[in-house]
Amino acid sequence: MSQMSTSSVEQEIYDILTEEEEDDESFEEETPSENGAQRKPRLKRKNTITPSDYKYKVDCALPEYTPRFVNVPTVIVLVGLPARGKTYMAKKLGRYLNWIGIQCKVFNVGEYRRKAVGMDKLHDFFKVDNQEAQAIRRQCAIDCLNDVSSWLDEGVQAAIFDATNTTRERRRMVLDYCRRRGYKTFFMESVCNNSEIVASNIKEVKVFSPDYKEVDKEQAFNDFKERIKHYQAAYEPLTMEDGDLSFIKIINAGEQYLVNNIDGYLQSKSVYFLMNLHVRKRSIYLVRHAECENNVHQLLGGDTDLTKRGDEFAQTLAAFINEQDIPDLKVWTSQLKRAVQTAKYIQHAPVEPWKALNEIDYGIYDGRPVSDLNTMGPDDIKARHKNMFIYRYPLGESYSDVCARLEPVIMELERQNNVVLIVHEAVMQIIMAYFTNHTPDEIPNLDIPLHTVFKLTPIAYGCRVERFPLEAPVSPASPEK
């Protein structure tokens, strides 16, 4: 038997890839061939695949294909019954991945369903035997996946597909869709058997969703419990029978974890983050150190003592914190004198200095006047103005460098309850950006005045920010950057 050449095999696989796909709607019109016969329609693809390009996409014609390349886009697929904290974790994970430089976007199928049928569908719409509704919901999932694909085709690395995906049939549909396009998949299942946590999620989050905008809250609570029952009737959780899949199973909001077949850096970072995440109520208090000698003299960085005014603020801050009567409170500072001295009057809470919380290193500009930044070399001035986030001070650090050293602090913050952080301008900008979902380009321009406390309280799908100015702003302004 003669063997096919490599080019012939590649061409045959290419032909398989470009055959009509049942779920895709973008086809060329049928046109007659030269002999008058109808030519089979071909699938239009946004990026044309040729036999010699993107080998991992060519390979996806193979059964049970798993991408072999490291830097392949990943779809993180949520799994679980409603009111199990999936969307909360998805949004937190998405913010974390963006914060560490992995572009990610959350796609919520519920939003597509509300656009398709409105916001007045109660629990009957979610019954397993409601075939019309099932067809609508499946189409919404496909529409959402198509948008996921469009997002990943822009060259980004990750997307989160936020839906219940409670049946093996639905997960297989998502998996096949991703495999045909050469994406990796990572399943994230949230399981919760704690009735108190579920009831709390319904009362505090679900009854305020757009689905119940015009519904009495008690009626909404009871209706949502009925909706959960419809999902439970068909729920097939991930098990070790799904051992070929990459997944993490999160049980009772972090009491236990089951991790299986993790593939690559992005999935490893996701697991690392999710295993440090908790959903307990807590607040984080962020404040810059009090006024120090270098602030008064408009000098960058350094390690100087507080001024008299700064010491007075330290006392005011302690009074404010003590009045809050915050349970299980911890105080974290940098190791620089101005931060440690700002915390010295706070009582009934342990104070822990962190080297990772030290201010950005200004390198050769440390201790020099702020005005020197306007007289640096033209190449440095141009680079700093072009992208301040990645600009690195000579022999010093960039904002991007500070983000990297703050990652262990962020992970520890996710594990903690209530914490006061007394830090520095650049450090505080970066931590604020993590919790409030600001982009790297926005970080250097976040307004962080002296002598103001920011209280951050993580809520269902975001973070509430409260600002407490404890005295008039220092004049003149005293930037550290």
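Calculation rules
- Residues numbered from 1 in each chain as written.
- Predicted model: local features only at pLDDT ≥ 70, side-chain atom pairs only at ≥ 80, totals over all residues.
- Heavy atoms only, no water.
- UniProt positions renumbered as here; feature names shortened; annotations may be inferred.
- Helix = DSSP H or I, 4+ residues; strand = E, 2+ residues; numbered from the N terminus.
- Contact = heavy atoms within 4.5 Å.
- Areas by Shrake-Rupley, 256 points an atom, 1.4 Å probe, with all protein chains shown as cover.
- Pairing = 2+ DSSP bridges.
- Axes fitted to C-alpha atoms, helices over the stretch in contact; angles between N-to-C directions.
- Phe/Tyr/Trp six-rings, centres within 6.5 Å; stacked < 30°, edge-to-face > 60°.
- Buried < 20%, exposed > 50% of the residue type's maximum accessible area, 1.4 Å probe, protein only.
- Lys NZ or Arg CZ within 6 Å of the ring centre and 35° of its normal.
- Core = buried A, V, L, I, M, F, W, Y, C linked by side-chain atoms within 4.5 Å.
- Domains from an automatic or database assignment.
- Nonpolar A, V, L, I, M, F, W, Y, C, P; charged D, E, K, R; others polar.
- Polar contact = N/O pair within 3.5 Å; in protein donor to acceptor, adjacent residues only side chain to side chain.

- An unreviewed UniProt entry lists the chain under the name 6-phosphofructo-2-kinase domain-containing protein, with Nematostella vectensis given as the organism.
- The annotation that UniProt attaches to the chain under Sequence similarities (unreviewed entry) is "In the C-terminal section; belongs to the phosphoglycerate mutase family."

### Structural notes on the overall build of the chain
Piece 1. Summing up its helical and strand segments, the chain has 15 helices and twelve strands in all.
Piece 2. By sequence separation, contacts in the chain at least 24 residues apart represent 70% of the contacts at least 6 residues apart.
Piece 3. A total accessible area of about 23,500 Å² is found for the chain, and carbon and sulfur atoms account for 49% of it.

### Concerning the sheet that holds strand β3 (residues 158-162)
Piece 1. Here we have six strands laid out as an open sheet, ordered β2-β3-β1-β4-β5-β6, and mixed in their pairing. Either end of the sheet is taken by a strand with one partner, and the two such strands are β2 (104-108) and β6 (256-260). Direction aside, the axes of adjacent strands within the sheet are offset by 15° on average.
Piece 2. Bridge count for strand β1 (residues 74-79) against strand β4 (residues 184-191) is six bridges, and the pairing is parallel. Within β4, the residue paired with I76 across the bridge is F186.

### Some remarks on the sheet that holds strand β7 (residues 284-288)
Piece 1. Taken together, six strands build an open sheet; the order of strands is β9-β8-β10-β7-β11-β12 and the sheet is mixed. Taken across any chain shown, the strands that pair with only one partner, and hence form the sheet edges, are β9 (351-354) and β12 (462-469). The mean angle between the axes of side-by-side strands here comes to 20°, regardless of whether they run parallel or antiparallel.
Piece 2. Set on the sheet, helix α15 (residues 425-436) makes contact with β7, β10 (418-423), β11 (452-459) and β12; between it and β7 the angle comes to about 150°.

### Some words on the packing of aromatic side chains
Piece 1. For the structure shown, the criterion picks out ten aromatic pairs.
Piece 2. Between F126 and Y231, the aromatic rings sit 6.0 Å apart at their centres with planes inclined by 35°, giving tilted as the arrangement. Of the two residues, F126 sits in the loop between α4 (109-117) and α5 (131-152) while Y231 sits in helix α8 (residues 217-234), which places them 105 residues apart along the sequence.
Piece 3. On the basis of relative accessibility, which here comes to 3%, the residue F126 falls in the buried class.
Piece 4. Every member of this aromatic cluster is reached through a ring pair, and the members are W99, Y434 and F435.
Piece 5. Above the ring of Y177, the side-chain terminus of R181 is found at 3.7 Å from the ring centroid.

### What to know about the nonpolar core
Piece 1. Counting 65 residues, the largest nonpolar core has L357, L413, L421 and I431 as the members making the most contacts within it.
Piece 2. Two domains share this core, each providing at least three of its residues, namely domain 1 (56-276) and domain 2 (284-469).
Piece 3. When near neighbours in sequence (up to four residues on either side) are disregarded, L421 contacts I284, Y285, L286, V287, W332, L357, L413 and I431.
Piece 4. V75, V77, I142 and Y183 belong to the second largest nonpolar core, which has 28 residues in total.

### Digging into the packing of helix α3 (residues 86-99) against α15
Piece 1. Two numbers describe how α3 lies on α15: the axes approach to 8 Å, and their chain directions differ by 145°. Here α3 contributes K92, R95, Y96 and W99 to the contact with α15, which in turn contributes I430, A433, Y434 and F435.
Piece 2. A breakdown of the residues in the contact of α3 with α15 according to their chemical character gives six nonpolar, no polar and two charged.

### Comments concerning the environment of W332
Piece 1. By secondary structure assignment, the location of W332 is in strand β8 (residues 329-334).
Piece 2. Between the C-alpha atoms of W332 and I422, which are 90 residues apart in sequence, the distance is 6.3 Å.

### A few points about the UniProt feature "active site" (unreviewed entry) in the chain
Piece 1. As annotated by UniProt and renumbered to match this structure, "active site" (unreviewed entry) occupies H289 and E359. Spatial clustering of the annotated residues is evident: they stretch over 71 residues in sequence, but the largest pairwise C-alpha distance comes to 10.6 Å.
Piece 2. If you trace the backbone, H289 turns up in the loop between β7 and α10 (293-296).
Piece 3. Judged by relative accessible area, H289 falls into the buried class, the value being 0%.
Piece 4. At a separation of 3.2 Å, a polar atom in the side chain of H289 contacts the side chain of R338.
Piece 5. Inspection of the secondary structure puts E359 in the loop between β9 and α13 (378-386).

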